[in-house]
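# Survey of secondary and tertiary structure
One letter stands for each residue in the lines below.
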Amino acid sequence: MLDALNAPVAPRAVRRADYRPPEWQVPRIALDFDLDPTATRVRAVLEVERTGDHDAPLHLDGDGLEPLSITVDGAPAEWTATDRGISIALNGARHRIETEVLIHPERNTQLMGLYASGGLLCTQCEAEGFRRITFFPDRPDVLSRYSVRMTADKARFPVLLANGDPVGAGDLDGGRHWAAWDDPFPKPCYLFALVAGDLVANRDTFVTRSGREVALGIWVRSPDLAKTDHALAALKTSMRWDEDVYGREYDLDVFNIVAVDDFNFGAMENKGLNIFNSRYILADADTATDYDYDAVAAVVAHEYFHNWSGNRVTCRDWFQLSLKEGFTVYRDQSFSADQGSAAVKRIEDVRSLRAAQFPEDAGPLAHPVRPDAYLEISNFYTATIYNKGAEVIRMMATILGPEKFRAGSDLYFDRHDGTAATVEDFVCAMEDAGGVDLAQFRRWYSQAGTPRVSARLEHEAGSGRARLYLRQTVPPTPGQPTKDPMVVPLRIKLFGAETANALGSEQLVLLKDDEAEVAFETVTEPPVLSINRGFSAPVIVETDRGPAELAFLSAHDDDPFARYEAMQQLMLDTLVAAVRHGRADQAPVVEAVRNTLTDPRLDPAFVAEAVLLPSDSFIGDQLAVVDPEAIYQAREGLRRELGQTLVDHWRAAYEGARDNRFEYTPAAKGRRRLRTVSLGYIAASGAADASDLAFRQFEEADNMSDRQGALTTLVNSGGEEAREAALDIFYHRYAGNALVLDKWFSTQALSSRTDTLARVVELSNHRDFTLANPNRARALVGAFSVNQRAFNAEDGAGYRFVADQLIALDKLNPQTAAKLVPPLGRWRRFDEGRAKLMRAELERILRTPGLSKDMLEQVGKSLD
Ligand code: PHE
Ligand code: ZN
């Protein structure tokens, strides 16, 4: 009895099946903020409307608010506190609710609601942060028109921004001033935003295709102004692209972006006022890598595209999250593909899908793209919702073809503009515009787990016929022990092993049953199978293709992704054999890499991707039991062999890719990438001059890609002296630049050296380390926990370190802490000794008094 009383109240699961439309709508809300970092007063006037014939009270969510007054139609309200906010019994169809509350931005370490970051005040409301600002029905299917007034100290907060268009501003007594903003578009409260601070803007204008002029501003602290040109250019390119490719025009007169240093995610699409983690805005050659530049453009595009896919059409409930996120990721991926090498972009996207989403789908946190239940919605901003969700959209685009897909998208926006929609609505629009039946295809939204497709090709030399035997299985996942077959769109082509000619054109095969056969005629020479070209389906393909066939495809396939894929499979098979048997025939990989390196027709950017070995973790994912040390040794062994045997080619590639001056173009990016990859192989060869070469690149670099590439090489394999000197120079050169210091932390946390854990523990006590800044926490703790070898040290010290950090971080910022749990939840993939140690740490976290529901959900599921 006592136990039960003392036990923390188990948080209630929210279920998709329980969805009910709102009983009250709030067509208008006026907000008045008296802004102050220690205590901000928020007055809200809500016009509420009963939605039907019922007598349900009005429920308003509230979290951590100090109510000062609550009135209904001007008279003190009779309200009762509930476990999630307040409830007010009302008898009319329409009422005016006024509330006044006190909140404390400076004490807000969760970074949800109104919080302080680097001297400014800003908000984050998705998913459920608005209830930490004022009492409101905090659900995405309540759409309101907002008017916002802010007053603040003019010296500290000269700039006051909110959603929509500015409608007034003025000075007040006592050094204060005010500003008012109106947003004409109804929106859910998760898209509300305000920012107050001492900011400057990089300004420009954009003329939409119908001729409206939009004022653009990227707001930062003044020292950062010079680093905003790239983001601004990306914004304008995105705005034009969405007009050209999706027919979507911007709809307000103003579009502002603000960069903040403390942010839980990448960025947020608040209507007309995007708020960004500064790492996705600030970029210049000296501080940002090419990867950073690309990420800035992709995230700027992503948030901008949300203006239609997310804001004009929003989500009915949070189970529909992938409706906006999957579609918007697909849109930003297509945008990026159009800006440079589409092949390299696809390779990068598939690599990150395999690094983050496949393990998620194979582990204890697996969930469908449209989940059925959650404890804490913040835990569902996952690779499955975002990246697998984007793959599901991509498959529909493949099945429909570009014209019909565009027609489906137009129909979707047309039908649902100004409303809160569902995944089902999207699929229906695609069916109606495309004239296709997606009934079975919908399983991609409801069934979790990565399907496996096995493919076996048989050739009958005499008759010229070939037959492809396909089989699919979908593995069991938590709560879904058995699965139905999926619709798997496979782009397939055959090549002749003798002539290297294509045997017929590419086919799109829709595998719908457990098994299928595909027949080919006039196969006049032994065929080689190219399958899942362009990664047309997010599945694991198993074939019986041997090293010779894979090497053949890596040289002759006319789909660049398939070429890359063949090389990866060849490398993977070799590495897995090396782990299993302690040795493997490395010659086919060496020859295939030599071929790729010396093929003058290939783009250096592609070459750099193709010659990279699969990561330690991806090798681990192929094995029943991950042996981190054996994997590391096998991979290093193959790297050394490639480095030594091809050392002249690496040196030639290294010299050939040298540029005189930094340029951010696809070609220059490709050369830089190939240069650093070659440097890595020269170092792996054990060449006596490798450390000097790296150090010279480090010192002479006029850009961060070259500098960080060299630093990584030095940290992993440089001599003691060169390594420490480079780290020291880097640290002092960038002291005070938080984003670059994050690289300094993460490069060390990702090091393959044996003393990495000791170094990471030391760094966790460094004066520049803080768990309060999510970027910094991720740079050290997050990076370390994906360092397969160091994190999984046999004595469990890596697990203990991460658990300690997560327990501490949960007290400040549960959302960010919970996102770092998955590596500890991978215990089933390891030997008994490690599994026990990992479980012990998860259990220790679970026993921590006052654990957040974010952590409770992630850790609890990880132990199940
Ligand atoms: N909606 C944001 C995006 O993907 C992500 C985000 C979620 C940001 C929750 C903050 C909080 O564009
Ligand atoms: Zn998004």
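Per an unreviewed UniProt entry, the chain goes by Aminopeptidase N and derives from Sphingomonas spermidinifaciens. As its UniProt record puts it under Catalytic activity (unreviewed entry), the chain is described as follows: "Release of an N-terminal amino acid, Xaa-|-Yaa- from a peptide, amide or arylamide. Xaa is preferably Ala, but may be most amino acids including Pro (slow action). When a terminal hydrophobic residue is followed by a prolyl residue, the two may be released as an intact Xaa-Pro dipeptide." Turning to the chain, the UniProt annotation filed under Sequence similarities (unreviewed entry) states: "Belongs to the peptidase M1 family."

Of the regular secondary structure elements, the chain holds 28 helices and 31 strands. Relative to the globule expectation of 29 Å for 864 residues, the C-alpha radius of gyration of the chain, 28 Å, shows essentially globular dimensions. Overall size of the chain, expressed as C-alpha extent along the three principal axes, is 90 × 70 × 65 Å. Put simply, the chain has 864 residues, and 59% of those count as buried. In the chain, 70% of the contacts between residues at least 6 apart in sequence involve partners at least 24 apart. As displayed, the chain has an accessible area near 33600 Å², and 50% of this comes from carbon and sulfur atoms.

The subject of this paragraph is the UniProt feature "domain: Aminopeptidase N-like N-terminal" (unreviewed entry) in the chain. Using the residue numbers shown here, the UniProt feature "domain: Aminopeptidase N-like N-terminal" (unreviewed entry) corresponds to residues 106–191. Taken end to end, residues 106–191 is 0% helix and 50% strand, and its two terminal C-alpha atoms sit 22 Å from one another.

Here the focus is the packing of aromatic side chains. Across all of its chains, the model carries 39 aromatic pairs by this definition. Consider the rings of Tyr330 and Phe405, whose centres lie 5.7 Å apart with planes at 80°: the pair is edge-to-face. Of this pair, Tyr330 sits in helix α4 (residues 321–339) while Phe405 sits in helix α7 (residues 402–416), placing them 75 residues apart in sequence. In this pair, the class of Tyr330 matches that of Phe405, namely buried.

As a further point, take the pairing of strand β19 (residues 254–260). Taken across its seven residues, β19 has seven buried, putting it largely inside the fold. Side-chain alternation along β19 places Val254, Asn256, Val258 and Val260 on one buried face and Phe255, Ile257 and Ala259 on a second face that is also buried. When strand β18 (residues 213–220) meets β19, the two strands line up parallel, connected through five bridges. When the bridges of β19 are listed, Trp219 appears paired with Val258.

Cis geometry marks the peptide bond from Glu126 to Ala127; its omega dihedral reads 0°. One can find Ala127 in the loop between β11 (120–124) and β12 (144–153). For Leu111, which is not a glycine, the phi torsion comes out positive at approximately 60°. As for its position among the elements, Leu111 is in the loop between β9 (94–103) and β10 (113–117). Residues other than glycine seldom take positive phi values, yet Thr522 does so here, at roughly 45°. Judged by relative accessible area, which is 64%, Thr522 ranks as exposed.

Turning our attention to the packing of helix α15 (residues 628–645) against helix α17 (residues 666–684). Close contact between α15 and α17 brings their axes to 7 Å; oriented N to C, the two are set at 100°. Between α15 and α17, the angle is such that the two are roughly perpendicular. Contacts from Arg639, Arg640, Leu642 and Gly643 in α15 reach Gly680, Tyr681 and Ala684 in α17. Residue composition of the contact of α15 with α17, grouped by class: three nonpolar, two polar and two charged.

Near ligand 1 you find 13 residues, and of these Glu126, Glu269, Glu303, Glu325 and Tyr386 are the closest. Glu269 is positioned such that a nitrogen or oxygen atom in its side chain is 2.7 Å from a nitrogen atom of ligand 1. Burial of ligand 1 by the protein chains amounts to 96% of its free accessible area of 320 Å². Put simply, the parts of the chain that give the shell around ligand 1 at least two residues each are β20 (267–268), α3 (290–305) and α4. A class-by-class count of the residues in the shell around ligand 1 yields five nonpolar, three polar and five charged.

This part is about the sheet that holds strand β14 (residues 165–171). The strands that make up a sheet are held in pairs by hydrogen bonds between backbone atoms, and each pair lies either parallel or antiparallel. Read from one edge of the open sheet, eight strands run β6-β5-β9-β3-β2-β12-β15-β14, paired in mixed fashion. At either end of the open sheet lies a strand with only one pairing partner, and these are β6 (75–76) and β14. As judged from the two bridges shared by strand β5 (residues 66–72) and β6, these two strands associate in the antiparallel manner. From the neighbouring strand, Thr71 faces β6, where its bridge partner is Pro76.

Bringing helix α8 (residues 423–434) into the picture now. Here α8 spans 16 Å end to end across twelve residues, near enough to the 16 Å set by a 1.5 Å rise per residue. By the burial criterion, the buried members of α8 are Val423, Phe426, Val427, Ala429, Met430, Glu431 and Gly434. At its buried positions, α8 is contacted by α4, α6 (383–400), α7 and α9 (443–446). Gly435 sits one or two positions beyond α8 and adopts a positive phi of about 60°.

Moving on, we come to the pattern of salt bridges. Under the counting rule described, the total for this entry stands at 77 salt bridges. We note a salt bridge from Asp317 to Arg316, for which the minimum N-O separation is 2.7 Å. For Asp317, a relative accessible area of 7% gives the class buried. Given a relative accessible area of 24%, Arg316 falls into the partly exposed group. For Arg651, the salt bridge goes to Asp689, with nearest N and O atoms at 2.9 Å. One end of the pair, Arg651, is in helix α16 (residues 647–656); the other, Asp689, is in the loop between α17 and α18 (690–700), and 38 residues separate them in sequence. On the basis of relative accessibility, which here comes to 27%, the residue Arg651 falls in the partly exposed class. On the basis of relative accessibility, which here comes to 29%, the residue Asp689 falls in the partly exposed class. One salt-bridge network, in which partners are shared between bridges, spans Arg491, Lys493, Glu506, Arg533, Asp557 and Asp558.

Before going further, it helps to spend a moment on the domain arrangement of the chain. Domain annotation for the chain reports domain 1 (1–106 + 144–186), domain 2 (313–446), domain 3 (453–543) and domain 4 (734–864). Computed from C-alpha coordinates alone, the two centres of domain 2 and domain 4 are separated by 30 Å. Across the contact, ten residues belong to domain 2 and 13 residues belong to domain 4. At the boundary of domain 2 with domain 4, total buried surface from both sides reaches about 1100 Å², with 51% on carbon and sulfur atoms. If you sort the residues of domain 2 by the area they bury against domain 4, Pro364, Leu365 and Asn379 come out on top, with a joint share of 51%. Linking domain 2 with domain 4 are one salt bridge. Here Lys853 makes a salt bridge to Glu376, at a shortest N to O gap of 4.0 Å. The tally of links from domain 2 across to domain 4 stands at seven residue pairs in polar contact (both at pLDDT 80 or more). When the residues that make up the side of domain 2 that touches domain 4 are grouped by side-chain class, the tally is seven nonpolar, two polar and one charged.

Rules behind the numbers
Residues numbered from 1 in each chain as written. Chains lettered and ligands numbered in written order. Predicted model: local features only at pLDDT ≥ 70, side-chain atom pairs only at ≥ 80, totals over all residues. Heavy atoms only, no water. UniProt positions renumbered as here; feature names shortened; annotations may be inferred. Helix = DSSP H or I, 4+ residues; strand = E, 2+ residues; numbered from the N terminus. Rg over C-alpha atoms; globule rule 2.2 N^0.38 Å. Buried < 20%, exposed > 50% of the residue type's maximum accessible area, 1.4 Å probe, protein only. Contact = heavy atoms within 4.5 Å. Areas by Shrake-Rupley, 256 points an atom, 1.4 Å probe, with all protein chains shown as cover. Phe/Tyr/Trp six-rings, centres within 6.5 Å; stacked < 30°, edge-to-face > 60°. Pairing = 2+ DSSP bridges. Axes fitted to C-alpha atoms, helices over the stretch in contact; angles between N-to-C directions. Parallel < 35°, antiparallel > 145°, perpendicular 65-115°, else oblique. Nonpolar A, V, L, I, M, F, W, Y, C, P; charged D, E, K, R; others polar. Near = heavy atom within 4 Å. Polar contact = N/O pair within 3.5 Å; in protein donor to acceptor, adjacent residues only side chain to side chain. Expected span 1.5 Å × (residues − 1). Salt bridge = Lys/Arg side-chain N within 4 Å of Asp/Glu carboxyl O. Domains from an automatic or database assignment. Buried area = accessible area lost by both parts, 1.4 Å probe.

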